[in-house]
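Each chain, letter by letter, is given below.
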Amino acid sequence: MKDPNRRKQKKVAYPKHLWWWVATWFGCGMSPIVSGTVGSLGALPFAYLIQVNFGNGALAVASILIFLAGVWASDQFLKHTNRTDDASDVVVDEVAGQWLLLSALYPTWQSYLVGFILFRLFDIVKPWPVNLADRKIKGGLGIMFDDMLAGIYPVVVYLIILLEAYFTNSQNLLLPVMNFIGGSYVQ
């Protein structure tokens, strides 16, 4: 839904405050179009650096930490901009959800591409219970929580494909797709 106050909100910026930089993910949220997608793209280089240098577990922990920081930053953003809804300028939620998803994959361009597309799809479509969380939970927690749920859906899709391949012995059909997504899952 288009926000009629978005143009006015863009003029109210607090770039000197840490909460602003976190909430907008270093300004990605200030993009005049598709700010959520820009925020998700802005998450990728940081995710890659964390993942290749410290591993998938570190990226999962970073996802939880940015979730907690995002709840605080989002609350501050809403408070200082007199907003009560999920402001499109706040994109740290995309960062946390994207990182959660990527922590379950290999750090390859293929897995990042597919992960990015699937995350955006589930974040935009908001299947149950993502849509429930989006409607019922307010404030910074509400902004952040639905994107964490949206980050779990693609992981479930990957697991279903892997389980189906394992139990139906269809490695020749689905595992090449999985290998494209991010490495050799089954020898």
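All values derive from a computational prediction rather than experimental measurement.

Scoring rules and cut-offs
- Residues numbered from 1 in each chain as written.
- Predicted model: local features only at pLDDT ≥ 70, side-chain atom pairs only at ≥ 80, totals over all residues.
- Heavy atoms only, no water.
- Helix = DSSP H or I, 4+ residues; strand = E, 2+ residues; numbered from the N terminus.
- Buried < 20%, exposed > 50% of the residue type's maximum accessible area, 1.4 Å probe, protein only.
- Areas by Shrake-Rupley, 256 points an atom, 1.4 Å probe, with all protein chains shown as cover.
- Salt bridge = Lys/Arg side-chain N within 4 Å of Asp/Glu carboxyl O.
- Axes fitted to C-alpha atoms, helices over the stretch in contact; angles between N-to-C directions.
- Parallel < 35°, antiparallel > 145°, perpendicular 65-115°, else oblique.
- Left-handed = near helix turned anticlockwise from the far one by under 90°.
- Contact = heavy atoms within 4.5 Å.
- Phe/Tyr/Trp six-rings, centres within 6.5 Å; stacked < 30°, edge-to-face > 60°.
- Core = buried A, V, L, I, M, F, W, Y, C linked by side-chain atoms within 4.5 Å.
- Patch = residues over 30% accessible without salt bridge, like charges linked within 9 Å, V, L, I, M, F, W, Y side chains within 5 Å.
- Expected span 1.5 Å × (residues − 1).

A. How the structure looks around the overall build of the protein. Within the protein, the regular secondary structure consists of nine helices and zero strands. When the elements of the protein are put in sequence order from the N terminus, they spell out α-α-α-α-α-α-α-α-α. Here the protein, with 187 residues, has 45% of them falling under the buried criterion. Roughly 10,000 Å² of accessible area belongs to the protein as shown, and the carbon and sulfur atoms make up 70% of that amount.

B. Spatial organisation of the pattern of salt bridges. A full pass over the atoms with the stated rule returns four salt bridges. Note that Asp 123 and Lys 126 form a salt bridge whose closest N and O atoms lie 3.2 Å from each other. Of the two residues, Asp 123 and Lys 126, neither departs from the other in class, the shared state being buried. For Lys 126, the salt bridge is made with Asp 146, and the minimal N-O distance between the two is 2.9 Å. Note that Lys 126 is positioned in the loop between α6 (109-125) and α7 (130-136) and Asp 146 in helix α8 (residues 139-167), a separation of 20 residues in sequence. Per residue, the accessibility class of Lys 126 equals that of Asp 146, and both read buried. One network of salt bridges, in which partners are shared, links Glu 94, Arg 120, Asp 123, Lys 126 and Asp 146.

C. Structural context of the environment of Leu 121. Counting through the fold element by element, Leu 121 comes out in helix α6. For Leu 121, a relative accessible area of 44% corresponds to the partly exposed category. Considered as a pair, Leu 121 and Ala 150 are 29 residues apart in the sequence and their alpha carbons are 8.7 Å apart.

D. View of the packing of helix α5 (residues 92-102) against α6. Here α5 crosses α6 at 130°, and the two axes come no closer than 10 Å. Viewed along their axes, α5 and α6 adopt a mutual orientation that is oblique. Classified by chirality, the crossing of α6 by α5 is right-handed. In this structure, α5 contributes Glu 94, Gly 97, Gln 98, Leu 101 and Leu 102 to the contact, and α6 contributes Ser 111, Tyr 112, Gly 115, Phe 116, Phe 119, Arg 120 and Asp 123.

E. Structural detail: the packing of aromatic side chains. Taken as a whole and judged by the stated rule, the model has eight aromatic pairs. With 4.7 Å between their ring centres and 65° between their planes, Trp 25 and Phe 26 make a pair best called edge-to-face. The class for Trp 25 is buried, based on a relative accessible area of 6%. Ring geometry for Phe 122 and Tyr 153: centres 5.2 Å apart, planes at 20°, overall stacked. Of the two residues, Phe 122 sits in helix α6 while Tyr 153 sits in helix α8, which places them 31 residues apart along the sequence. Classification of Phe 122 by relative accessible area gives buried; the value is 15%. Among the aromatic residues, ring-to-ring pairing joins Trp 25, Phe 26, Phe 46 and Trp 99 into one connected group.

F. Fine view of the nonpolar core. Among the nonpolar cores identified, the biggest contains 44 residues, and Trp 25, Ile 66, Phe 77, Val 90, Val 92, Trp 99 and Leu 102 are the most heavily contacted of them. Of all the elements in the fold, those that place two or more residues in this core are α2 (18-23), α3 (35-54), α4 (56-80), α5, α6, α7 and α8. Of the residues forming this core, the biggest block, eight residues, is contributed by α4. If we skip the residues at most four places from it in the chain, Leu 102 touches Leu 44, Ala 47, Gln 51, Leu 59, Ser 111 and Tyr 112.

G. Examining a nonpolar patch on the surface more closely. Taken together, the side chains of Val 61, Ile 64, Leu 65 and Leu 68 present a nonpolar region at the surface, about 380 Å² in accessible area. Relative to the helices and strands, Leu 68 resides in helix α4.

H. How the structure looks around α4. The terminal C-alpha atoms of α4, which comprises 25 residues, lie 35 Å apart, in line with the 36 Å expected from a rise of 1.5 Å per residue. What α4 keeps buried is the set Leu 59, Ala 62, Ser 63, Ile 66, Phe 67, Gly 70, Val 71, Ala 73, Ser 74, Gln 76, Phe 77 and Leu 78. Those residues of α4 that are buried are in contact with α2, α3, α5 and α8. At the exit of α4 stands Asn 82, carrying a positive phi of roughly 55°.

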